[in-house]
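Observations on chain architecture
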Amino acid sequence: MTGGIRETKECQLKDPMDLFHSGQVVKICAPMVRYSKLAFRTLVRKYSCDLCYTPMIVAADFVRSAKARDSEFTTNKGDHPLIVQFAAKEAQVLCDAARIICPFADGIDLNCGCPQRWAISEGYGACLINKPELVKDMVRHVRSQIDNPKFSVSIKIRIHEDLKRTVDLCQKAEAAGVSWITVHGRSIEERHQPVHYDAIKIIKQSMSIPIVANGDIKTLKDAENVHHLTEADGVMVARGLLANPAMFAGYEETPFQCIQDWVDIALEHGTPFTCFHHHLMYMMERITSKQEKKVFNVLSSTSAVLDYLNDHYGV
């Protein structure tokens with residue numbers, strides 16, 4: 001047991017690549033700051049989510065501090081296949097983090113897509129798409145230092161204005177042994193502009209490893225459309241799953257059973273109130289009136305939320 005990782009008994013490690021060889025589109029829960037933690041991963045796995053990512057963890061902090069390991073990463077034996085996403089800018093630091101996590105997770109992902117200013121100013125996230133040699137080096141290092149051949153090493157990127165540069169980055173990563181690449185179909189500058197699915201398709205056609213499409217997928221129908229548009233092997237969803245954790249199971253909006261499941265899982269995991277409440281606010285966004293939201297969104301304790309759900313929805 002590595003100091004500072006909370007983990008229940010033996011984890012059933014899996015080979016995430018098996019999912020990509022199944023012939024089905026792989027349905028993936030994105031790394032989301034604060035949100036894609038163990039309790040939420042447990043929920044979406046109940047509703048046909050194939051693969052989950054942790055929120056992004058800064059590799060240097062994770063390696064340096066047992067306290068960071070404890071607060072940033074928790075798992076259990078049902079939480080597989082699981083990918084731990086790291087922010088890193090040095091090959092050896094990423095390797096050290098991967099080595100610590102290896103007994104508890106099925107792979108790591110290098111974040112090359114986060115467009116937030118703090119990440120870019122620290123040399124993390126989306127600025128790495130402009131450093132293909134460094135990305136290649138980091139992937140190759142992890143590949144050579146982790147003994148387990150089933151342990152996946154993936155990257156998540158944004159696209160360049162000049163797509164040839166993105167294809168070059170992807171081909172370099174593939175040559176270094178990357179398992180798959182998730183492509184968010186926007187550039188660093190783009191926030192709410194339409195996603196360039198055509199770019200994802202070009203990348204897919206240029207590669208022989210699996211490609212995952214990411215960006216603006218809100219429903220199962222969207223996921224199917226994006227698969228057809230891009231020919232991607234998987235789809236990764238962030239906000240769509242927050243709004244409807246049962247989306248991959250084909251529900252148009254969050255079913256009450258899913259809200260009930262969230263309450264049960266969150267209480268069992270001791271989820272902090274703010275996180276518990278925020279998830280419910282997202283889930284109930286489409287199914288509550290403006291008036292109900294006004295009341296529900298300002299509740300300030302678990303017991304108040306439970307009373308409200310019981311009184312209004314019989315949850």
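Residues numbered from 1 in each chain as written. Predicted model: local features only at pLDDT ≥ 70, side-chain atom pairs only at ≥ 80, totals over all residues. Heavy atoms only, no water.

Under the annotation held in an unreviewed UniProt entry, the protein chain carries the name tRNA-dihydrouridine(20a/20b) synthase [NAD(P)+]-like and is attributed to Melanocharis versteri. Under the heading Sequence similarities (unreviewed entry), UniProt records this for the protein chain: "Belongs to the Dus family. Dus4 subfamily." (UniProt positions renumbered as here; feature names shortened; annotations may be inferred.)

Quick look at the packing of helix α8 (residues 163-175) against helix α9 (residues 197-205) now. Contact pair α8 / α9: the axes reach a minimum separation of 10 Å and the direction vectors enclose 40°. Taken together, the axis directions place α8 and α9 in an arrangement best described as oblique. Our pair here, α8 against α9, has a crossing hand that is right-handed. In contact with Leu163, Thr166, Val167 and Cys170 of α8, α9 contributes Ala199, Ile202 and Ile203. Taken together, the residues of the contact of α8 with α9 break down into six nonpolar, one polar and no charged. (Axes fitted to C-alpha atoms, helices over the stretch in contact; angles between N-to-C directions. Helix = DSSP H or I, 4+ residues; strand = E, 2+ residues; numbered from the N terminus. Parallel < 35°, antiparallel > 145°, perpendicular 65-115°, else oblique. Left-handed = near helix turned anticlockwise from the far one by under 90°. Contact = heavy atoms within 4.5 Å. Nonpolar A, V, L, I, M, F, W, Y, C, P; charged D, E, K, R; others polar.)

Another aspect to go through is the side chain of aspartate 15. Along the polypeptide, aspartate 15 turns up in the loop between β1 (6-7) and α1 (17-20). There is a polar contact of 3.0 Å between the side chain of aspartate 15 and the backbone nitrogen of methionine 17. (Polar contact = N/O pair within 3.5 Å; in protein donor to acceptor, adjacent residues only side chain to side chain.)

A word on helix α10 (residues 220-230). Residues of α10 that are buried include every one of Ala223, Val226 and Thr230, and no others. An end-on view of α10 places all buried positions within 65° of arc, on one side of the element. Of the residues in α10, the exposed ones pointing more than 90 degrees away from the buried face are Lys221 and His228. Where the residues of α10 are buried, they touch α9, β10 (211-214) and β11 (234-237). (Buried < 20%, exposed > 50% of the residue type's maximum accessible area, 1.4 Å probe, protein only. Arc of directions from axis to C-beta.)

Turning to the UniProt feature "active site" (unreviewed entry) in the protein chain, a few remarks are in order. On the UniProt side, "active site" (unreviewed entry) is annotated at positions that read Cys114 here. Here cysteine 114 shows up in the loop between β7 (107-112) and α6 (117-121). For cysteine 114, a relative accessible area of 11% gives the class buried. Other than its neighbours up to four places away in sequence, cysteine 114 contacts Ala119, Ile120, Gly125 and Ala126.

Summed over the entire model, instances satisfying the criterion amount to one cavity of 30 Å³ or more. Lining the largest cavity are Leu280, Met281, Met284, Glu285, Thr288, Lys293, Phe296 and Asn297. When residues of the lining of the largest cavity are traced back to their parent elements, those giving at least two are α13 (273-284) and α14 (290-296). Considering each element in turn, the lining of the largest cavity owes the most residues, three residues, to α13. In terms of residue class, the lining of the largest cavity is made up of four nonpolar, two polar and two charged. (1 Å grid on protein atoms, 1.4 Å probe; cavity = no way out; pocket = protein on both sides within 12 Å on 5 of 7 lines; lining within 4 Å. Points joined across faces, edges and corners; volume = space filled by probe spheres on them.)

Let us now look at the packing of α9 against α10. Across the interface, α9 lies against α10 with an axial gap of 8 Å and an inter-helix angle of 55°. Judged by the angle between their axes, α9 and α10 are oblique. Across the interface between the two elements, Tyr197, Ile200, Lys201 and Lys204 of α9 pack against Val226, Leu229 and Thr230 of α10. Here the contact of α9 with α10 is composed, by residue class, of four nonpolar, one polar and two charged.

Residues annotated in UniProt with the feature "domain: DUS-like FMN-binding" (unreviewed entry) correspond here to residues 29-292. Secondary structure across residues 29-292 comprises 45% helix and 15% strand; the distance between its end C-alpha atoms is 28 Å.

Judged by nonpolar contacts, the single largest core of 91 residues is most densely connected at Phe86, Ile155, Ile181 and Leu309. Ranked by residue count, the leading element in this core is helix α5 (residues 91-101), at seven residues. Residue assignment places this core across two domains, with domain 1 (16-249) and domain 2 (256-313) each supplying three or more. Those residues in contact with isoleucine 181, other than ones at most four positions away along the chain, are Ile155, Ile157, Cys170, Ala173, Met207, Ile209, Pro210, Ile211 and Val212. (Core = buried A, V, L, I, M, F, W, Y, C linked by side-chain atoms within 4.5 Å. Domains from an automatic or database assignment.)

Here we take up the pairing of strand β9 (residues 181-184). Burial of the side chains of β9 extends over both faces: Ile181 and Val183 are buried on one face and Thr182 and His184 on the other. Alignment of strand β8 (residues 152-158) against β9, held across four bridges, turns out to be parallel. Each residue of the ladder has a partner; that of isoleucine 155, found in β9, is isoleucine 181. With α8 bridging β8 and its parallel neighbour β9, the resulting β-α-β unit is right-handed. In the sheet, β9 pairs with β10 via four bridges, with the strands oriented parallel. Within the sheet, the bridge partner assigned to valine 183 lies in β10 and is alanine 213. Considered for its hand, the β-α-β crossover made up of β9, α9 and β10 is right-handed. (Pairing = 2+ DSSP bridges. Right-handed = clockwise from strand over helix to strand, strands pointing away.)

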